[in-house]
Amino acid sequence: MPATFGVVDLFAGPGGLGEGFASLLDRDHLPFRIGISVEKEESAHRTLTLRAFLREYRARRDTLPNEFINFHAGLTPEPDWSAVDADAWRMANHEARSLELGTTAAATAIDGAIKNLRKNFDDTILIGGPPCQAYSLVGRARSRGKRGYVPEKDERHYLFREYIRVLDRLRPAAFVMENVKGMLSSTVESRLVFEMLMEDLASLGTGRSHFYELRAIRIADGKANLQEAAQPSDFIVRAEAFGIPQRRHRVIIIGIRSDLARGVSLASIDLPGSTRTVADVIGNLPALRSSLSRGHDSTAAWQDTVAGAAKFLAGIYRDRNSTQLRNIFSALAKDMKAATPLPRTATALPLGYGTANDDLLLWLERPQLSAITQHETRGHMASDLGRYMFAAVFGNKRGYSPKASDFPLELSPDHRNWHSGVFNDRFRVQLASEPATTVTSHISKDGHYFIHPDPRQCRSLTVREAARLQTFPDDYLFLGNRTQQYVQVGNAVP
């Protein structure tokens, strides 16, 4: 009988990495079962718990509950899940824990779960990654600006040591540790954090018969396999090579327990033959308009604003004798005035939903659903809509997102650093024919880095579009307010 592994998921967020493990089906067998997942942020933990409930419910009945279908579609308020299935809800709360790693309470709960996993499964797997803010280049720059900030005292630098503690206690068959590229260059007390991490991992074999062989994912001849790393950068995994519609580059360390490591370098998987794009995964979602964040908002006001922006841009390029761009913006100005009004939110399932002959769409689209959800736009300043339109048109024609120097001076925002190069990518359009840039939690802010490629929509991406780029299926419902939903999606692992 095939082995079944109990999974410990630390720093789980809304559960992206765990979803990948728990969803793998190998000849009608689920080799990975989530034993415990740990997340301290309240809204992410709610999402994690609901997903655990649905996983347990589906395992028992091979379907989703009607109560979830209706709640997902926005037809009913969130039900009492314990009344829907008391046993499944109890199991979900036993699996998804709201704990702060590094505390005594968390250590006690995890150690108790480890005992159960050893009894109930053939072996175990440890997955997760410490919070990335302290390691990321942007996070470190922001922290340096805080009065009294001392890097050596930032507890986030040391949260990976709780991961190490659990790893040492659990002694799983394998572990997966994920983090940002900035981890490779982050230092504390003049020492590279990555070196400290590798030393801690290496020390786990001291005095033990079984230690961990550390592997990096390497690509050659259209296949991926596990090899020893010659240098730290070998641990960087480029997600787009694996069929993810996003250029997400992250450090991923895989450890194989030495008693199981024989022959691991010979194992490989075939990679997709083509790159997946933004249009592949969000191109069939309903078109939307944003709202106007200041002043009166209505469909007519929005259409007047974007039509005016297109007419203004056509005038700019008439003066510059650029026939191609002038014609595009002139046509947009006419279309915007005459077009059928776009809604701000849409729930209708796309035509042919769930029937595409495409592995990625078959994963994303769930036929049991009755609606698309969390596909709702936010508000933007009227002055930004012209910049969004310009960026989308420029990206479509030039094949790259415009830098600050590519914008007409007439579109310059009232920002003293606009021409300094500091905010060169202040407005970034996602190209329809390319993988997206890295989806991060910054998408929760203003959306300027995540502009939709269709110039007729003049907006940033919705939560559902961002979730699809992160390969979350459509039945993955993110709880909390919209800002919290964006943060959950941006912080997740595809």
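Model, not experiment: these values are computed from the prediction.

A. Representation of the packing of aromatic side chains in the model. Summed over all chains, the structure comprises 19 aromatic pairs. Aromatic pair F53 and W89: ring centres 5.7 Å apart, planes at 75 degrees, arrangement edge-to-face. Residue F53 is found in helix 2 (residues 42-61), and its partner W89 is found in helix 5 (residues 86-95); the two are separated by 36 residues along the sequence. Residue W89 is classed as partly exposed on the basis of its relative accessible area, which comes to 22%. Here the aromatic rings of F390 and F394 are separated by 5.6 Å at their centres, their planes lie at 45 degrees, and the arrangement is tilted. A residue pair is termed a helical-turn pair when its members lie 3 or 4 positions apart in one helix, as F390 and F394 do in helix 14 (residues 382-398) at four residues. Judged by its relative accessible area of 1%, F390 falls in the buried class. F394 sits in the buried class, given a relative accessible area of 5%. Connected via pairs of aromatic rings, a cluster forms that spans F53, Y57, F68, F71, W81 and W89. When the ring centre of W363 is taken as reference, the NZ or CZ atom of R366 above it lies at 4.7 Å. In this arrangement the basic side chain of R378 is found over the ring face of Y486, its NZ or CZ atom lying 4.3 Å from the centre.

B. Up close: unusual backbone geometry. Despite not being glycine, D28 has its phi angle at roughly 65 degrees, a positive value. The exposure class of D28 is exposed, given its relative accessible area of 75%. At D221, a residue that is not glycine, the phi angle is positive and equals roughly 55 degrees. Along the chain, the position of D221 falls in the loop between strand 8 (212-220) and strand 9 (223-227). Here D221 falls in the exposed class, since its relative accessible area comes to 81%.

C. Representation of empty space enclosed by the protein. Scanning the entire structure with this criterion turns up one cavity of 30 Å³ or more. Of the volumes computed, that of the largest cavity is approximately 50 Å³. The wall of the largest cavity is formed by D9, G15, G18, I34, S37, L48, R51, A52, R55, E95 and Y476. Every element with two or more residues in the lining of the largest cavity is listed here: strand 2 (32-38) and helix 2. Per-element tally for the lining of the largest cavity: the top contributor is helix 2, with four residues. Split into classes, the residues belonging to the lining of the largest cavity amount to four nonpolar, three polar and four charged.

Cut-off values and rules
- Each residue is numbered by its place in its chain's sequence as written, counting from 1.
- Reporting of local features is limited, given that this is a predicted model, to residues whose pLDDT is at least 70; pairs of side-chain atoms are given and counted only at 80 or more, and all residues count toward the totals for whole chains, interfaces and linings.
- Side-chain figures throughout are based on the complete set of non-hydrogen atoms in the structure, without hydrogens or water.
- Between rings of Phe, Tyr and Trp, where Trp is taken as its six-membered ring, a pair exists when centres lie within 6.5 Å; planes separated by under 30 degrees are stacked, by over 60 edge-to-face, and by other angles tilted.
- The helix and strand labels rest on DSSP assignments: H or I over at least four residues marks a helix, E over at least two residues marks a strand, and numbering proceeds from the N terminus.
- The classification of residues rests on relative accessible area computed with a 1.4 Å probe and restricted to protein chains. Under 20% of the type maximum is buried, over 50% is exposed, and intermediate values are partly exposed.
- For a ring to carry a charge above it, either NZ of a lysine or CZ of an arginine must fall within 6 Å of the ring centroid while also lying within 35 degrees of the normal to the ring plane.
- Cavity means a closed set of points on a 1 Å grid over the protein atoms alone, one where a 1.4 Å probe fits but cannot get out, pocket means an open set with protein on both sides within 12 Å along at least 5 of 7 lines, and lining means a residue has an atom within 4 Å of a point.
- Grid points are joined across faces, edges and corners, and a volume is the space filled by probe spheres set on the points.
- Basically, the charged four are Asp, Glu, Lys and Arg, the nonpolar ten are Ala, Val, Leu, Ile, Met, Phe, Trp, Tyr, Cys and Pro, and anything else, Gly included, counts as polar.

Remember, this is a structural readout, not a statement about activity or role.
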